Amino acid sequence: MNDNATTPPAFDSNTPTPARVYDYYLGGKDNFQVDREAGKKVLEVFPQASTLAQRNRGFLLQAVRYCAEAGIDQFIDLGTGIPASLNVTEIACKFNQDARVVGVDNDPVVLSHQRLEVSAKRGRYTVIEGDIRRPWAILADPCLSEVIDLSRPVAVLCVAVLHFISDEEDPAGILSAFTDAMAAGSFLAVSAATSTNTDLAVIAPIEDAYRSASTPVIFRPADQICSWFEGLDLVYPGVVDVTHWPTCIGVPTRVRILGGLARKPGGPDSGGS
Ligand SMILES: C[S@@+](CC[C@H](N)C(=O)[O-])C[C@H]1O[C@@H](n2cnc3c(N)ncnc32)[C@H](O)[C@@H]1O
């Protein structure tokens, strides 16, 4: 993990950012011309990009519902993104009325929009500025500990973020920092773009489109993504295309995002292991 990755990116409307391009795919309005241009380049080679973004959000919200129904009432949403119409707090509170959510992001546009959500969500949601490349700083943030009690089970959501983190920045180490800190019975949800069984003729222009962005996008082998869940108990159907979660049935896409939800063993429902 890179300890120099501390300076939060400044607001820059001339460089596409992952959050704003994703907002464009989702039909949001909090994006700029440069983001739309980058998004259009991707859509030219991969017209299902918007569908895949929606399915990725579907995975996120299904995972939140699963955790809330399993009794989880505290959520850390890493790379929370620009607010979308159906969101983590709404779903978490719908299925667990005691739920509280802390969103974390390092994009100034995300942070300014999410700060407006904090009062609207009346104590159920808070957002902190944080860079997942410094997980220890996020875990030590007093605004996080005001809401999240790490001695009790928590759900850590890291959805569609790690493909913006390079191997040198150690995505496995980032996840371990969170899973080491969380209590038995906690959950980890992750999704990330994969290079496995993906059309390379489509991936290359997508990588190109993001090269001009604030962060490049990285497609990883499925094995590497699966290894991030080692030591945890995967929830059915395991690590699969987000389009196939949670039923294992879905439409294949030429570009794939894999998603998985797993539980840290040793909690009260683990049969005493
Ligand atoms: C594609 S969006 C995903 C949003 C949401 N998690 C979802 O799946 O719908 C990726 C988000 O991760 C954030 N992000 C990227 N790198 C980050 C980092 N190093 N630390 C914190 N957030 C980061 C971006 O700003 C963006 O909001």
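The structure we're discussing is the one just above.
**Details of the overall build of the protein chain**
Consideration 1: The number of helices and strands found in the protein chain is 10 helices and eight strands.
Consideration 2: Its C-alpha radius of gyration of 17 Å places the protein chain within 12% of the 19 Å reference for a compact globule of 273 residues.
Consideration 3: Seen through its C-alpha atoms, the protein chain measures out along the principal axes to roughly 50 × 40 × 35 Å.
Consideration 4: Counting across all 273 residues of the protein chain, residues that qualify as buried make up 53%.
Consideration 5: Partitioning the intrachain contacts of the protein chain with sequence separation of at least 6 by distance along the chain shows that 73% fall at a separation of at least 24.
Consideration 6: Entry remark: accessible area of the protein chain is about 12000 Å², with carbon and sulfur atoms responsible for 51%.

**Examining the site of the ligand**
Consideration 1: Close to the ligand lie 21 residues, the nearest being Tyr-22, Arg-57, Gly-79, Asp-105 and Val-159.
Consideration 2: Here an oxygen atom of the ligand and a side-chain polar atom of Asp-105 are 2.6 Å apart.
Consideration 3: Measuring from a nitrogen atom of the ligand, one finds a backbone N or O atom of Ile-132 at 3.0 Å.
Consideration 4: For the shell around the ligand, the secondary structure elements donating two or more residues are helix H1 (18–25) and helix H3 (49–69).
Consideration 5: Residue composition of the shell around the ligand, by class: 10 nonpolar, six polar and five charged.

**Some remarks on the packing of aromatic side chains**
Consideration 1: Summed over all chains, the structure comprises five aromatic pairs.
Consideration 2: Between Phe-59 and Trp-245, the aromatic rings sit 5.3 Å apart at their centres with planes inclined by 90°, giving edge-to-face as the arrangement. Here Phe-59 is found in helix H3, whereas its partner Trp-245 is found in the loop between strand S7 (240–241) and strand S8 (256–263), with 186 residues between them in sequence.
Consideration 3: Taking the relative accessible area as the measure of exposure, Phe-59 reaches 0% and is therefore buried.
Consideration 4: Assessed through its relative accessible area of 8%, Trp-245 is described here as buried.

**Digging into H3**
Consideration 1: Compared with an ideal rise of 1.5 Å per residue, which puts 21 residues at 30 Å, H3 spans 30 Å between its outermost C-alpha atoms and is within 8% of the ideal.
Consideration 2: Gly-71 lies just past H3 and shows a positive phi near 100°.

**Focus: the pairing of S8**
Consideration 1: Of all eight residues in S8, eight are buried, a share of seventy percent or more.
Consideration 2: By the alternation rule, side chains of S8 split into Arg-256, Leu-258, Gly-260 and Ala-262 and Ile-257, Gly-259, Leu-261 and Arg-263, which are all buried.
Consideration 3: Pairing geometry for strand S6 (residues 233–234) and S8, over two bridges, is antiparallel. Looking across to S8, one finds that Leu-234 is bridged to Ala-262.
Consideration 4: Bridge count between S7 and S8: two bridges; the pairing is antiparallel. Paired with Val-240 across the bridge in S8 is Gly-259.

**Brief notes about helix H2 (residues 33–45)**
Consideration 1: Spanning 13 residues, H2 covers 19 Å between terminal C-alpha atoms, matching the ideal 18 Å at 1.5 Å per step.
Consideration 2: Where the residues of H2 are buried, they touch H1, H3 and helix H9 (200–211).

**What about the side chain of Thr-198?**
Consideration 1: Position of Thr-198 relative to the elements: it lies in the loop between strand S5 (187–194) and H9.
Consideration 2: A distance of 2.9 Å separates a polar side-chain atom of Thr-198 from the backbone oxygen of Thr-196.

**Some thoughts on the side chain of Thr-194**
Consideration 1: As for its position among the elements, Thr-194 is in strand S5.
Consideration 2: Polar contacts involving the side chain of Thr-194 include one to the main-chain amide nitrogen of Thr-196, which spans 3.0 Å.
Consideration 3: Ignoring sequence-local partners within four residues, the contact set of Thr-194 consists of Ile-203, Phe-219, Arg-220, Pro-221, Ala-222, Ile-225, Arg-256 and Leu-258.

**Side note on the pattern of salt bridges**
Consideration 1: Throughout the structure, instances matching the rule amount to 12 salt bridges.
Consideration 2: Of the charged contacts, one joins Asp-73 and Arg-152 as a salt bridge, the two residues approaching to 3.1 Å between their closest N and O atoms. Of this pair, Asp-73 sits in the loop between H3 and strand S1 (74–78) while Arg-152 sits in the loop between helix H7 (142–147) and strand S4 (155–159), placing them 79 residues apart in sequence.
Consideration 3: Judged by its relative accessible area of 16%, Asp-73 falls in the buried class.

**Points about the nonpolar core**
Consideration 1: Counting 50 residues, the largest nonpolar core has Tyr-25, Val-64, Phe-75, Leu-157, Ile-206, Tyr-210 and Leu-261 as its most contacted members.
Consideration 2: In terms of residues, this core owes the most to one element, H3, which gives 10 residues.
Consideration 3: Among all residues touching Leu-261, those that are not within four sequence positions of it are Ala-63, Tyr-66, Cys-67, Phe-187, Leu-188, Ala-189, Phe-229, Asp-233, Leu-234, Val-235 and Trp-245.
Consideration 4: Judged by nonpolar contacts, the second largest core, of 31 residues, contains Val-104, Ile-132, Leu-232 and Ala-262.

What counts and what doesn't
- Along each chain, numbering runs from 1 in the same order as the chain's sequence is written.
- Two thresholds apply to this predicted model, a pLDDT of at least 70 for residue-level local features and 80 or more for giving and counting side-chain atom pairs, whereas whole-chain, interface and lining totals are computed over all residues.
- Hydrogen atoms and water are omitted, and side-chain values are computed over all heavy atoms in the structure.
- Each helix corresponds to a stretch of at least 4 residues labelled H or I by DSSP, and each strand to a stretch of at least 2 residues labelled E; elements are numbered beginning at the N terminus.
- The reference for a compact globule is 2.2 Å times residues^0.38; the radius of gyration itself is calculated from the C-alpha atoms.
- Three exposure classes are used, based on accessible area relative to the maximum for each residue type with a 1.4 Å probe and protein chains only: buried under 20%, partly exposed in between, and exposed over 50%.
- We call two residues in contact whenever any of their non-hydrogen atoms come within 4.5 Å of each other.
- Residue exposure ignores everything except the shown protein chains as possible cover, and the areas themselves are Shrake-Rupley values with a 1.4 Å probe.
- One heavy atom within 4 Å of a molecule or strand makes the whole residue count as near it.
- Two N or O atoms count as a polar contact when they lie within 3.5 Å, although within protein this holds only if one can serve as hydrogen donor and the other as acceptor, and sequence-adjacent residues are included solely when both atoms are side-chain atoms.
- Under the scheme applied, nonpolar residues are Ala, Val, Leu, Ile, Met, Phe, Trp, Tyr, Cys and Pro; charged residues are Asp, Glu, Lys and Arg; polar residues are all the others, including Gly.
- Two rings belonging to Phe, Tyr or Trp (six-membered ring only in the last case) form a pair when the distance between their centres is within 6.5 Å. Interplanar angles under 30 degrees mark stacking, angles over 60 mark edge-to-face geometry, and anything in between is tilted.
- One less than the number of residues in a helix, times 1.5 Å, gives the span that helix is expected to have.
- Pairing between two strands is assigned when DSSP locates at least 2 bridges connecting them.
- Think of a salt bridge as a Lys or Arg side-chain nitrogen and an Asp or Glu carboxyl oxygen that are within 4 Å of each other.
- By nonpolar core is meant a set of buried Ala, Val, Leu, Ile, Met, Phe, Trp, Tyr and Cys residues that side-chain atoms within 4.5 Å join together.

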